[in-house]
Amino acid sequence: MIQKTDLIITTPSPFNFAATISSHGWVDLPPNYCDAETNSMRRIEQLSPGNVVILQIYDVNSDDPSLIGVQVESENLLLESEKQEILHKLWDMLRLDEDLSEFYAICQKRGAPWDEMTRGYGRILRSPTFFEDVVKTICTTNVQWGGTRGMIKRLVENYGEPYPGNPALRTFPSPEVIAALPFDEFHANVRMGYRSAYIHLLSQRVVLGEVDLEAMKRSPLPTNELKKELLSIKGVGNYAAANLLMLAGRYDELTVDTVFRQFMRERYFQNQIPTDKEALTIYEDWGKWKYLAYWFEIWQYYNNQ
DNA sequence: TTCCAGGGGTAGA
DNA sequence: TCTACCCATGGA
């Protein structure tokens, strides 16, 4: 018997749900699904006791952006602890605990167009586990976006836990599931090229306790030291480490990739190709907020074209 | 068919 | 720290 449970999250102000779910491509990578028409997001998630549920996350009222609704579809009536787990995970995914007041104050002082940022922009969607964020980031390297989507889709379809009411809907696979697979089988099914070895190895190291990704996400270490830890993960280089720092809530590094280089060339260098060093000087005075400044500019640039 | 993508690992300077 | 070379995969 399908159960539906409605939950409400009251967010800190300012918050902009639409800007958060469309903040980057993560909303289009399974087990996340974007419904552009209703401006909502769906996610298939496994809870601690093992239950797989469907989360439909939406704006309760566009006039009151501080309220987020969550409709949970499940096979069994939800326990109170499961409701709390869902709220906790969504709080983390939407980064509702991040204090952006210092950044907003700088944007306000700079005036237009930066002051628009203070209308709740800058909370960039992430996954409930850092493992999922690391795997997805590795699958964005040296591949076009369509390729990334294909890899993650195959990973979820092959190895995610199915939702009982519709086995086509699956969760993001856990490191335990991936680590237990024979590598050849995993490699053949996910078709991630050389990335599959990195992800299989990472899963094994997580299961063996050799890498604690959740501790990295919440590490008190200075950014440069945390970056070294991230770079020690095979498959994570400069671009991926910068993306993961951003996902861990640190904005002092920029993701130098083909998107960054093309944007900088068009926006700041009159279509002449700058060196990476030259391009990086553009956001230097944003200090620990570099990535959010870059994110806002590129988000505006491609949404207004 | 060839090219190359939201790069990274490794070896060798 | 920098450079050269190789790396699977699939879309264009």
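In what follows, the structure referred to is the one given above.
Rules used in this analysis
Residues numbered from 1 in each chain as written. Chains lettered and ligands numbered in written order. Predicted model: local features only at pLDDT ≥ 70, side-chain atom pairs only at ≥ 80, totals over all residues. Heavy atoms only, no water. Near = heavy atom within 4 Å. Polar contact = N/O pair within 3.5 Å; in protein donor to acceptor, adjacent residues only side chain to side chain. Nonpolar A, V, L, I, M, F, W, Y, C, P; charged D, E, K, R; others polar. Phe/Tyr/Trp six-rings, centres within 6.5 Å; stacked < 30°, edge-to-face > 60°. Helix = DSSP H or I, 4+ residues; strand = E, 2+ residues; numbered from the N terminus. Buried < 20%, exposed > 50% of the residue type's maximum accessible area, 1.4 Å probe, protein only.

Concerning the protein's contact with DNA strand C
Alright, step 1. Taken together, the neighbourhood of DNA strand C is formed by N142, H187, R191, G193, Y194 and R195.
Alright, step 2. In this structure, a phosphate oxygen belonging to DNA strand C sits 3.3 Å away from a side-chain N or O atom of H187.
Alright, step 3. Between DNA strand C and R191 there is a distance of 2.3 Å, counted from a phosphate oxygen to a side-chain nitrogen or oxygen.
Alright, step 4. The class makeup of the residues in the surface near DNA strand C is 1 nonpolar, 3 polar and 2 charged.

Observations regarding the packing of aromatic side chains
Alright, step 1. In total, this model carries 20 aromatic pairs according to the counting rule given.
Alright, step 2. Here the aromatic rings of Y268 and Y283 are separated by 6.3 Å at their centres, their planes lie at 85°, and the arrangement is edge-to-face. Within this pair, whereas Y268 is found in helix α12 (residues 258–268), its partner Y283 is found in the loop between α13 (276–280) and α14 (290–303), the two being separated by 15 residues in sequence.
Alright, step 3. We classify Y283 as buried; its relative accessible area is 1%.
Alright, step 4. For the pair W295 and W299, a centre-to-centre distance of 5.5 Å together with 25° between the ring planes defines the contact as stacked. Here W295 pairs with W299, and both are found in helix α14, just 4 residues apart, close to one helical turn. The burial state of W295 is the same as that of W299; both residues are buried.
Alright, step 5. Ring pairs connect the aromatic residues F103, Y104, W114, Y121, Y251, W286, W289, W295, F296 and W299, which therefore count as one cluster.

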